[in-house]
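The residues making up each chain are set out below.
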Amino acid sequence: MAIASRPFVALYTNPLTIIGMKRILIAIDYHPTSEKVAETGYELAKQLGAEAEVCLLHAVAETRYYGMEYPSFLGYEGYTLAVNDHLNTEIENIAKDFLKQAAVHLDEKVTTHIAKGETASSILKYAKEWQADLIVMGTHSHSTLEKLFMGTEATKVLEKTEIPTFMVPVKK
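Owing to the predicted nature of the structure, the values given are computational and were not obtained by experimental measurement.

Visitor: Talk me through the environment of Leu106; I want residue IDs and the actual numbers.
Guide: Structurally, the position occupied by Leu106 is in helix 2 (residues 85–106). In this structure, the C-alpha to C-alpha distance between Leu106 and Glu35, residues 71 residues apart in sequence, is 9.7 Å.

So, in structure tokens, the structure goes:
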């Protein structure tokens, strides 16, 4: 798989910076296009050198957001959803299994990490902790309205990152 044959956007401050990149953090989610993101990021890492380390990262939202009390509004009777430790454990186990399978698909040397919290800030926080030289992530297709009101996680990362970022455009 040749990277040059795929469209991409690479952002970095100094073109010579890419030469010294040894730690590649690939952020993926459950979207089917994550396979393309992971494979493209891994191929890029291999092209950067045999000693490049690759880590797959998946961000899990804090489950307390799922356990909220919704009041009645517009004639709709609200509901209360309680979150317990079992749900937290189950969500984390699913995420661990997902990352494990994705890593094995690429190479047994690929490491994994589950970050907890809001996606963009979790990616940026772990990238800094792990001392990533490059962040790789996908850009999902979103509606114009969704982008206008909520932005995208990729945009949020790009706005705040100090680490070079390689964006893999993916379409639904």
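Visitor: Provide a residue-level description of helix 1 (residues 34–48), including the pertinent values.
Guide: The first and last C-alpha atoms of helix 1 sit 21 Å apart over 15 residues, in line with the 21 Å expected at 1.5 Å per residue. Among all positions of helix 1, only Ser34, Val37, Ala38, Thr40, Gly41, Tyr42, Glu43, Leu44, Ala45 and Leu48 are buried. Considering only its buried residues, helix 1 is in contact with strand 2 (23–27), strand 3 (53–60), helix 2, strand 5 (134–139) and strand 6 (165–169).

Visitor: Please provide a residue-by-residue account of the packing of aromatic side chains, values included.
Guide: Per the stated rule, a full pass over the model turns up two aromatic pairs. Ring plane angle 55° and centroid distance 4.7 Å describe the contact between Tyr30 and Phe98, whose orientation is recorded as tilted. In this pair, Tyr30 sits in the loop between strand 2 and helix 1 while Phe98 sits in helix 2, placing the two residues 68 residues apart along the sequence. The class of Tyr30 is partly exposed, set by a relative accessible area of 45%. Accessibility expressed as a relative area gives 23% for Phe98, which makes it partly exposed. Summarising the aromatic geometry, the rings of Tyr126 and Trp130 are spaced 6.5 Å apart at their centres and angled 15° between planes, so their arrangement reads as stacked. One end of the pair is Tyr126 and the other is Trp130, both in helix 3 (residues 119–130) and four residues apart, which spans about a single turn. A relative accessible area of 12% means that Tyr126 is categorised as buried. In this structure Trp130 comes out as buried when scored by relative accessible area, which is 11%. Above the plane of the ring of Trp130 lies Arg23, whose end atom (NZ or CZ) is 4.1 Å from the centre.

Visitor: Just give me the short version of the pairing of strand 5, but keep the residues and values in it.
Guide: Counted residue by residue, strand 5 has five buried out of six residues, so it is predominantly covered. Here strand 2 pairs with strand 5 via three bridges, running parallel. Bridging across to strand 5, Leu25 finds its partner in Ile135. Here strand 5 pairs with strand 6 via five bridges, running parallel. Bridging across to strand 6, Ile135 finds its partner in Thr165.

Visitor: Describe in detail the layout of surface pockets, supporting the description with residues and values.
Guide: Quantified by volume, the second largest pocket comes out at close to 210 Å³. As for the second largest pocket, its lining consists of Tyr42, Ala45, Lys46, Gly49, Ala50, Ala52, Glu53, Val54, Asp107, Lys109, Val110 and Thr111. Of all the elements in the fold, those that place two or more residues in the lining of the second largest pocket are helix 1 and strand 3. Top element by residues in the lining of the second largest pocket is helix 1. It accounts for three residues. In terms of residue class, the lining of the second largest pocket is built from six nonpolar, two polar and four charged.

Visitor: Which residues make up the pattern of salt bridges, and what are the values?
Guide: One pass over the structure, following the stated rule, counts five salt bridges. Ionic pairing is found between Glu53 and Arg23, a salt bridge with its closest N-O pair at 3.4 Å. With Glu53 in strand 3 and Arg23 in strand 2, this pair connects stretches of sequence that are 30 residues apart.

Visitor: So, the nonpolar core: which residues are in play, and what are the values?
Guide: Of all hydrophobic cores here, the largest spans 26 residues; its most connected members are Ile24, Ile26, Ile28, Leu56 and Val136. For this core, the secondary structure elements donating two or more residues are strand 2, helix 1, strand 3, helix 2, strand 5 and strand 6. A per-element tally of this core places helix 1 first, with six residues. Once residues lying within four places of it in the same chain are set aside, the contact partners of Leu56 are Ile26, Ile28, Ala38, Leu99, Ala102, Ala103, Leu106, Val110, Thr111, Thr112 and His113. Of all hydrophobic cores here, the second largest spans 18 residues; its members include Cys55, Leu124, Tyr126 and Ala127.

Each value, and the rule that gives it
Residues numbered from 1 in each chain as written. Predicted model: local features only at pLDDT ≥ 70, side-chain atom pairs only at ≥ 80, totals over all residues. Heavy atoms only, no water. Helix = DSSP H or I, 4+ residues; strand = E, 2+ residues; numbered from the N terminus. Expected span 1.5 Å × (residues − 1). Buried < 20%, exposed > 50% of the residue type's maximum accessible area, 1.4 Å probe, protein only. Contact = heavy atoms within 4.5 Å. Phe/Tyr/Trp six-rings, centres within 6.5 Å; stacked < 30°, edge-to-face > 60°. Lys NZ or Arg CZ within 6 Å of the ring centre and 35° of its normal. Pairing = 2+ DSSP bridges. 1 Å grid on protein atoms, 1.4 Å probe; cavity = no way out; pocket = protein on both sides within 12 Å on 5 of 7 lines; lining within 4 Å. Points joined across faces, edges and corners; volume = space filled by probe spheres on them. Nonpolar A, V, L, I, M, F, W, Y, C, P; charged D, E, K, R; others polar. Salt bridge = Lys/Arg side-chain N within 4 Å of Asp/Glu carboxyl O. Core = buried A, V, L, I, M, F, W, Y, C linked by side-chain atoms within 4.5 Å.

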